[in-house]
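An overview of the molecular structure
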Amino acid sequence: MALQLTRIALVLAFFVAPAHAEYHRSKAALRAFIKEQACPSTGEHRFPCPGYVVDHIKALACGGEDAPSNMQWQTIAEGKAKDKWERKECGK
């Protein structure tokens, strides 16, 4: 159950954009990031990564690049808080 929720959180955090936004999210960039940066909770270079999501450091909605250099592992709680701030500040 927890594994399934982690996968759902990843999909929501990385691939689902606000309805008004049109952002291309590269699966190749995500794979490259994971190849470079191991999951903090498992030490593995693959999913699942329990408790973590992949986050764009500078949000795509704020002009951030969809590249491994603009990605980081972030806890689910931190991701939700940052998403809320980004929607308010960059979703204008």
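Residues numbered from 1 in each chain as written. Predicted model: local features only at pLDDT ≥ 70, side-chain atom pairs only at ≥ 80, totals over all residues. Heavy atoms only, no water.

1. Thoughts on the overall build of the protein chain
- On a plain count of helices and strands, the protein chain comes out with three helices and two strands.
- Sequence-ordered secondary structure for the protein chain, helices as α and strands as β, is α-α-β-β-α.
- Within the protein chain, the fraction of its 92 residues that count as buried is 34%.
- A fraction of 47% describes how many contacts in the protein chain between residues 6 or more apart in sequence connect residues 24 or more apart.
- About 5,900 Å² of surface is accessible on the protein chain, with carbon and sulfur atoms providing 56% of the total. (Helix = DSSP H or I, 4+ residues; strand = E, 2+ residues; numbered from the N terminus. Buried < 20%, exposed > 50% of the residue type's maximum accessible area, 1.4 Å probe, protein only. Contact = heavy atoms within 4.5 Å. Areas by Shrake-Rupley, 256 points an atom, 1.4 Å probe, with all protein chains shown as cover.)

2. Considering the nonpolar core
- By size, the foremost hydrophobic cluster in this structure holds nine residues: Ala29, Leu30, Phe33, Ile34, Cys39, Cys49, Val54, Met71 and Trp73.
- If you list the elements that add at least two residues to this core, you get helix H2 (27-36) and strand E2 (71-75).
- For this core, the leading source of residues is H2, giving four residues. (Core = buried A, V, L, I, M, F, W, Y, C linked by side-chain atoms within 4.5 Å.)

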